[in-house]
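# An overview of the molecular structure
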Amino acid sequence: MKHVSTIAVAVLLCWGGSSHAAELTPSKTPGLTGAPGVIKRADQRFANAATKEVPSFQRHVLPLMGRLGCNGRACHGSFQGQGGFRLSLFGYDFKMDYDALTKSEEPRVDLKKPRESLMLTKPTSNDDEHGGGKRMDVDSWQYRVLLRWVEAGAPPTKEGDAEFVRLEVSPLEVVFKKQGEKARLRVLSHWSDGSVEDVTPLCRFTTNDEAVAKVDLSGEITVVGTGDTHIVAFYDNGVVPVSALLPVTDKAGPKYPSTPTPTKVDELVVNKLRKLGVVPSETCTDHEFLRRASLDITGALPTATEVTSFLSDSSSDKRTRKIDELLNRPAYAAWWATKLSDILGNNEGKLRNQGGVGSQSEQWYQWTVRRIAENAHYDDLVAGIVLAKGRTSSDQSFEDYCRQTIAFGLGNEDVTERATMPHYWARQNMRTSNEKALSFSYAFLGVRLQCAECHKHPFDQWSQTDFQQFTAFFNRVTYGPTDRSQAEKMLAAAGIDKKLPNNERQKLLKKAIDAGKIVPQDEVYITASKSGARRGNDKGKNTGAGRVITPKVLGGDEVVDAQYDDPRQPLMDWLRQKDNPYFAKALVNRVWAHYFNVGIVEPADDMNLANAPSNKELLEWLASSFIEHDFDLKWLHRTIVGSRTYQLSWQTNSTNELDLRNFSHAVPRRMPAEVVYDAVVTATAGESELAKRADEPATVCAIGMSRGYTQRNNGNNYALTVFGKPKRETPCDCERSNEPSLLQTVYLRNDKEMFSFISRSNGWLQDALKRLPGSEGSAKADGGKENPKQGKKGAKSEPVVQATPADVIREAYLRTFSRFPTDQELANAEKYLVESSSPADGLNDLVWALLNSKEFLVNH
Amino acid sequence: MAQHRYCDGVKRRDLLKVGALGGLGLSLVDYLRFAKAGEIRKPKATSAIYIRLGGGPTHMDTFDMKPDAPEEYRGKLKPMKTNVAGMEICEKMPHLAKVADKFTILRGVSHTLAAHELGTKFTLTGNRPLPSLEYPSLGSVVSKELASPPDLPPFVAIPNTNQGAGYLGLQYGPFSTNAAPKLGQSFSVRGIGLQGGMTLADVSRREKLLAQVDSTFRSIEKKSDVLTGLDEFSEQAYNMITSKRARDAFDIAQESKQVAERFGDGEVGQSALLAVRLVEAGSRFVTITTGGWDMHQDIYGALDKRLPGLDQGLAALLTTLEERGLLDSTVVMVSGEFGRTPKVNVRGGRDHWPRAMFMVMAGGGIKMGQVIGASDDKGQGPAGDAIAPGDVASSLLHCLGIDFHKEYQTSIGRPIMIVRDGKLVPGLLA
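Residues numbered from 1 in each chain as written. Chains lettered and ligands numbered in written order. Predicted model: local features only at pLDDT ≥ 70, side-chain atom pairs only at ≥ 80, totals over all residues. Heavy atoms only, no water.

## Remarks on the overall build of chain B
Of the regular secondary structure elements, chain B holds 13 helices and 14 strands. Counting across all 430 residues of chain B, residues that qualify as buried make up 61%. Counting contacts in chain B only where the partners sit at least 6 residues apart, residues at least 24 apart contribute 71% of the total. Per element, the accessible surface of chain B, about 15900 Å² overall, is 53% carbon and sulfur. (Helix = DSSP H or I, 4+ residues; strand = E, 2+ residues; numbered from the N terminus. Buried < 20%, exposed > 50% of the residue type's maximum accessible area, 1.4 Å probe, protein only. Contact = heavy atoms within 4.5 Å. Areas by Shrake-Rupley, 256 points an atom, 1.4 Å probe, with all protein chains shown as cover.)

## Re the sheet that holds strand β9 (residues 220-223) of chain A
Residue and element names in this part refer to chain A. Spatially, β4-β9-β8 is the arrangement adopted by the three strands of the open sheet, whose pairing is antiparallel. Each edge of the open sheet is held by one strand with a lone partner, namely β4 (182-184) and β8 (213-215). Across the sheet, the mean angle separating the axes of adjacent strands is 20° when strand polarity is ignored. Direction of pairing for β8 relative to β9: antiparallel, over a ladder of three bridges. Bridge pairing links Ala213 to Val223 in β9. (Pairing = 2+ DSSP bridges. Axes fitted to C-alpha atoms, helices over the stretch in contact; angles between N-to-C directions.)

## A closer look at the packing of helix α33 (residues 839-851) of chain A against helix α7 (residues 200-213) of chain B
When two helices pack together, their arrangement is given by the angle between the helix axes and the distance between those axes. Interhelical geometry of α33 of chain A versus α7 of chain B gives an angle of 55° and a closest axis separation of 9 Å. As summarised for this structure, α33 of chain A and α7 of chain B are arranged oblique, according to the angle between their axes. As α33 of chain A packs across α7 of chain B, the resulting crossing turns out to be right-handed. Here Asn844, Asp845, Leu846, Trp848, Ala849 and Leu850 of chain A of α33 of chain A come into contact with α7 of chain B, specifically with Arg205, Arg206, Glu207, Leu209, Leu210 and Val213 of chain B. Taken together, the residues that form the contact of α33 of chain A with α7 of chain B break down as seven nonpolar, one polar and four charged. (Parallel < 35°, antiparallel > 145°, perpendicular 65-115°, else oblique. Left-handed = near helix turned anticlockwise from the far one by under 90°. Nonpolar A, V, L, I, M, F, W, Y, C, P; charged D, E, K, R; others polar.)

## Examining the packing of aromatic side chains
Residues and elements named next belong to chain A. Throughout the structure, instances matching the rule amount to 38 aromatic pairs over all chains. Within the aromatic cluster, the residues linked to one another by ring pairs are Trp364, Tyr424, Trp425, Phe440, Phe444, Phe470, Phe473 and Phe474. Its guanidinium or amino end placed over the ring of Phe310, Lys318 lies 4.7 Å from that ring's centre, counting from NZ or CZ. The ring of Tyr442 is capped by Arg590, whose NZ or CZ atom sits 4.9 Å from the centre of that ring. (Phe/Tyr/Trp six-rings, centres within 6.5 Å; stacked < 30°, edge-to-face > 60°. Lys NZ or Arg CZ within 6 Å of the ring centre and 35° of its normal.)

## Let's talk about the pattern of salt bridges
Residue and element names in this part refer to chain A. Inspection of the entire model under this criterion finds 79 salt bridges over all chains. Among the ionic pairs, Glu197 bridges to Arg45, the shortest N-O distance being 3.0 Å. Of this pair, Glu197 sits in strand β6 (residues 196-198) while Arg45 sits in helix α2 (residues 42-45), and the two are 152 residues apart along the sequence. On the accessibility criterion, Glu197 (1% relative accessible area) is buried. (Salt bridge = Lys/Arg side-chain N within 4 Å of Asp/Glu carboxyl O.)

## Side note on the packing of helix α21 (residues 616-628) of chain A against helix α22 (residues 633-641) of chain A
All names here are of chain A. Two elements in contact, α21 and α22, have axes separated by 9 Å at closest approach and are oriented at 145°. Considering how the two elements wind past one another, α21 and α22 form a crossing that is right-handed. Along its contact with α21, which presents Trp621, Leu622, Ser625 and Phe626, the element α22 presents Leu633, Trp635, Leu636 and Thr639. Class assignment of the residues belonging to the contact of α21 with α22 gives a composition of six nonpolar, two polar and no charged.

## Observations regarding the side chain of Glu168 of chain A
All names here are of chain A. Structurally, Glu168 is set in strand β2 (residues 164-170). It is Arg166 that comes nearest to the buried, bridge-free Glu168 among opposite-charge side chains, at 4.1 Å. Within polar-contact distance, the side chain of Glu168 engages the side chain of His190 at 2.6 Å. (Lys, Arg positive; Asp, Glu negative; His and termini not counted. Polar contact = N/O pair within 3.5 Å; in protein donor to acceptor, adjacent residues only side chain to side chain.)

## Some remarks on the sheet that holds strand β5 (residues 155-158) of chain B
Residues and elements named next belong to chain B. Across the sheet, eight strands lie side by side as β6-β5-β7-β1-β8-β11-β4-β12; this open sheet has mixed pairing. Each having just a single partner strand, β6 (175-176) and β12 (370-372) make up the two edges of the open sheet. As judged from the three bridges shared by strand β4 (residues 104-109) and β12, these two strands associate in the parallel manner. Bridge pairing links Ile105 to Val371 in β12. Against the sheet, helix α11 (residues 267-281) makes contact with β1 (47-53), β5, β7 (285-290) and β8 (330-335), and its axis sits at roughly 175° relative to β7, the strand it touches most.

## A closer look at the nonpolar core
Judged by nonpolar contacts, the single largest core of 238 residues is most densely connected at Phe444 of chain A together with Phe103 of chain B. The biggest single contributor to this core is helix α12 (residues 299-323) of chain B, with twelve residues. Those residues in contact with Phe103 of chain B that sit more than four places away from it in its chain are Phe63, Met87, Leu96, Leu318, Val360, Met361, Ala362, Met368, Gly369 and Gln370 of chain B. Core analysis: the second largest hydrophobic core is formed by 54 residues, Leu68, Phe94, Ala100 and Phe176 of chain A among them. (Core = buried A, V, L, I, M, F, W, Y, C linked by side-chain atoms within 4.5 Å.)

## Overview of the environment of Arg476 of chain A
Residue and element names in this part refer to chain A. If you trace the backbone, Arg476 turns up in the loop between α16 (464-471) and β12 (477-480). Owing to a relative accessible area of 6%, Arg476 belongs among the buried residues under this scheme. Separated by 91 residues in sequence, Arg476 and Pro567 have C-alpha atoms that sit 7.5 Å apart. In this structure the side chain of Arg476 is engaged in a polar contact, spanning 2.9 Å, whose partner is the backbone oxygen of Thr527. At 2.9 Å, the side chain of Arg476 and the backbone oxygen of Asp565 are in polar contact.

Below, the structure is given as C-alpha cells:
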C-alpha cells in the first residue's frame, strides 16, 4: 500500500467553511423536489409493500437508525453500548456500525430469517423487551427500509460508492408573521455521482431555542414566540442552520421608524433589527461613553480630571478622538495582551521549568504587550507564536541558545526583541498532538474539536478522521532537550549531578547561573519528517486501516508533510488565507463579544455549524474588512467602538428590552476580575499612585498581571480569584467568569483589604480629609489597629488646599461613577457627612457605598 | 429572545435560580422545604469532612502494614492491635487504635496516575482527570446538591484546597479560610463577621446609605440578570456578615480547653475541631488539606513528625462527632493522592505508587470497624478486586443522598455524570 505522505491530495470536501454550505445553495428552490433527477423521499418509496428497492447502508439505513434514536448517547451510542450492542455515537463510523450490526457475537441481522433480525424485532417491541421501547411499527416504511436491506443480504458501503457532498435545505430563512404559524423544511442530499435525494424523512432536526420555534421529526417548524433562532438539519456529516424569526413588534419591515446608521456596522445591525421590529435605544451620554470605552478598551476607569475635561469639551468629534487616545495608552496593550494570554493559556504553573531562568510567563506576556502596543498585524503576531522555535536563528548553536535563554531570563537581553515567542509550545498541558490540536483550534479558530477526539461532532461536520488529520500537523512539534550529550557535558562542567532529584537540581542550576555558568535549556524544535518511515508513539500515526494519516486543515486541503521543514508553516499559511473560514472570524467575534457582552456567535469560542451567528452579514463584513485592513487590530477596535451601536444607551424601550443577542442596547455587565480590582485600587488611590498606574499598567496593575498563575490556584490574589479571573488551564473562554457571586459581595462589603484600600495612608481619602476643614482623624472602618497613626498624621499636618464637603463629594463621584453627582445626590451626601460622627467616618462610608454600588461594579 | 448557555449549561435565566439552590443563595423557606425533601430521600449523612493528606501518604507504614513481608518492604514500624479484633494499624497511632470501631479502612485502592496533580484531581473529584475538562471537587458537587443555611458557606476549605468547582462554576467553589486555626487562639475568616471594629449599627447605617446612593438602575433592575443577581447577593452578604452564628462557627476559641486540647496542638487536629463546629452549624462539606506526606527520603523521620498529629486529630474528630450526635450525620473521609512504593528506596524513603493506596472512611452511612479490600502480600497492588477512587467518591456521595449518576452539562453542552465511572464499594455501606 502506498503511503500518501508524499502525494498532494486535492480538496476532499468541496464545502468548506462554517456557513458556506448554506451559502452555496440558492435560497429559492421551488419545484426542485419535483424536478427530474431528484430521488423521491424514502417514506414515499417505501410506503409501497411491493417495493423491490434495496436501500443503502450509508444513505438510508444508518440515518434512519439515527433518527429512530438508536445511536443516541443514552442508547446504543453509549461507549459501553446497551444490551450488548454498540453503535458509533451520532452515527458516522460506517464501518464500525456495519460490523456491529452484522458481525458481532450476536448479530443484529438474520440473513436467513430477515424478519427475525434483532434490528427489526427490538425496535418494534415494547419496553420490557427493548430498553429503548417501541421505536416503529411492523410494516411501516421505516420497518421496510431496514427489512429490504436485510433481505438483500445487508450490503455494506463499498469502496467506490458515491460520497456525500453536501446538504441543501430550503428555505434557509423563514420570517413568520404570527405565533402558531408553520413552515416545512425540505432537505436534499447531494452525492459525488451527481445524484440528489430528498432526505427530509431521514434527517434529524433540532431547534436552538424552543421558546421561539419548535421543529418536529418531519421538519415542520412551528413558531411559538417572538424573536429569532435557528432550526438545524443534520444528515450524514451535513449540518445546516435555518433562520427562523418572528418579529417582536409590528414595527418590522416597512413600518420601521427611521433610524440613524452612520457606520457600516450600524447599517448591518439595524438591517437585522428591522426584520425583528426592534428599535435600538438612544445613544448614551458622554460620561457613560467615556466610562464604558475606557473600561472596555483599556480595562481602566477614567480619572476624575479626565471626566471633567471630556464633559466640558464641546467639539463634535470628541468621542472619535477619545477612542484613538485610549488605543494609544499603555493600558490598552496591557489589557489586550492579558486577554490574548487567557486564550493562549499563558500560565506560569503550566510552563515547564527552565533551570532558574526567571518567569517564562512574564517573558511571553511582555513580548505580547509590546506587539499590541506597536499594533502588530494580528496575523504577524500569531505567526510569531505559531512558527516559533527556541533558537532565534537557524545557525544558532545549542550552547549559544542556552546562553541567550539565560540572558533573557536574567533580563540581560530584552526578550521582547525576539522575532518569535516559543513559550506557547512549552505548555505542559500541550504535550501530545491531541492537546496541541485542541488548544490551537480553540485559540486561533474559535472551534472546539473536543467532541471529534472520540466521535463525530454532534453539532458540526468534524469526524474523528478530520480530527486526526488536523492533529498530524503537530506530530513533529517538540519541546525538550535536543542535544543530550552536550547537555550532559554542560551539566558536568557546571558540577551538577544529572541524577539528583529535580528540586535539588533546580537549586544547583540556579546557583550555577548566578555564578555565570551556562546550563542546558530545553527548547521548542521540529523533528525530522518521517516521510513514510514510521517509528514509535504518535509519529507518523498508523490507523487500523494501515493508512498513514495525512495532515489536513479543517474543512480544506491535505498537505504534504515532507515538503515542509516545519509543518506549522502550511498551517500558518492557511490561517492567513483570505478564504480561511475561521481565523479572522474567531478574532473579530471574540473582540465583539468583549464589547457587547455576547458574541455574534455565542459562546464566542464555539464556532460550529449548528451554532449560527445571530447576524451573519455583520460577522462576515467585519471579518473580511479586518482581513482587507491587513489584520489591523486598532482598526477593528475603532470600527466597533466608533459605531453608534456600541454607543447606545443601556436604557431600553418597549421593543428592545428583551433583546440580548441583536445589539439593540447596551447590556450592563459586571467588570472583569482584573478590571474591577484595578477600579477599586484606582478609585481610592492618591494622585502620585494614579500616575504610576497609568504609565506602567503592564507591571503595576492587575490587568497586567501574568505571573500570578500557578498550578494550584489563580495565584495568590484572593480578590481576583473571587471575581473569576480565568485559571488558564482549559481551552474555554468560559474560564473567565463575569458572573456576580456572594463571595464577591462579601469581599466588597466587608473585607479588610477593601477597608484598607479606602483608608490607606497615601490614598485619596486621607488626602481629601487633609483638605477638608474640621476633619479630625481617619475613619473607623480601616481597622484602627493596623494603622493607628494614620488619623493623627492627617490631623497634624497642615491642610494643603481647603476644600468644601461638596468638592470632595464631587471628586468621590467622579472617581467611582465617572460623573458628577446630581443635585439631589450631592445634597444627600452633604447631609450624611454632617450627620456622621466625623467627616472621616462620613466620607469613608460614602466611598464604601459608592464602591459597593451597582453603578460602580457594572460597566454600563 | 434567544438566550445563551453558560458554563454549567444552564440558560442564563435559569442561572440565578440554580445559584440560589447552591446553598449560598437559599432563603430559609427554601432551606426548610429542601430539608424536608431530604427527609423523604433519607440520606444517611447530611455533611461530609474530607481530610486530604497531600503528597501521597505511605500505606505500608500506616493503615496497610505488611509485617510478614521482607524487611526492605515492611519497613521499620510495627503494627499494633486495635479495639477491633483482627484490625491492625501502625504502632504510632495509639489514639486511633482505641477508636477503630469508629472507622473503616479501605485497602487495595488503586489507580494509575503517579503525578501529584493528576492523582489529586482523581481523588478529590472521583473522576480520572481529562485535559479538556475540569471536574468539580466533591465539595462543589455537594454544595450544588444539598441546601445549607443562608448565613453559612456550604463548602469550606481549611486552609484551602487543590480542587475548585471546575465546570460547575465559581459559585460552587470552596470558601477558603486561607489559614489553619491554632490551639487556644481565636479564629476568623475573611469577610465573615463584623470587621475592623464595625458595629451592627455601623453596618445598618452603611446599608441605608448604599440604598440611597445606588439608584441609577432602578428602572431596569428587574430586567437585568446581573443587576438582579447583585441585589440578591447583597442581601445574602448582609446575612453572612452580620451573622453572629457564622462568626461563632469559625471561632474555635469558643470550645472548652478540655475539648480543644483533645485534638492536640497540630494543624490537622485544630482544623478538625473547626470542621466539627462548621458541620454542627450546618456547612455541608469541609475539607482539611495538610501537606508533608511526600516522603521520598528518610520516611521514618518524617512519619515521626506527621503521624502523631493525624492520629490524635482524627481520633478526636471521631470521638467528638459521636459525643455531639453528629457522627451519624457526617461522613468522614481521609485520603491522599496515591500510596508509596512498597520497597524502601536507597534514600530511606518511598516514592509515588498509585497501584496500591489506603483510604479511611467513617460516619453516617458507613459500616464502621472493618477493613474493606486488600493489597497483596507486599503491598504492591490490590489482592482481588481493586477499589477505584471513583467507587469511593460514589459511595461518599451516596451516603449524602446524592445520585452520583446524575448528569450535568458542561460549557459545551456536553452531558457528564457526576462520577463518570464509579460504583458503590461492596461492604462499605451500613
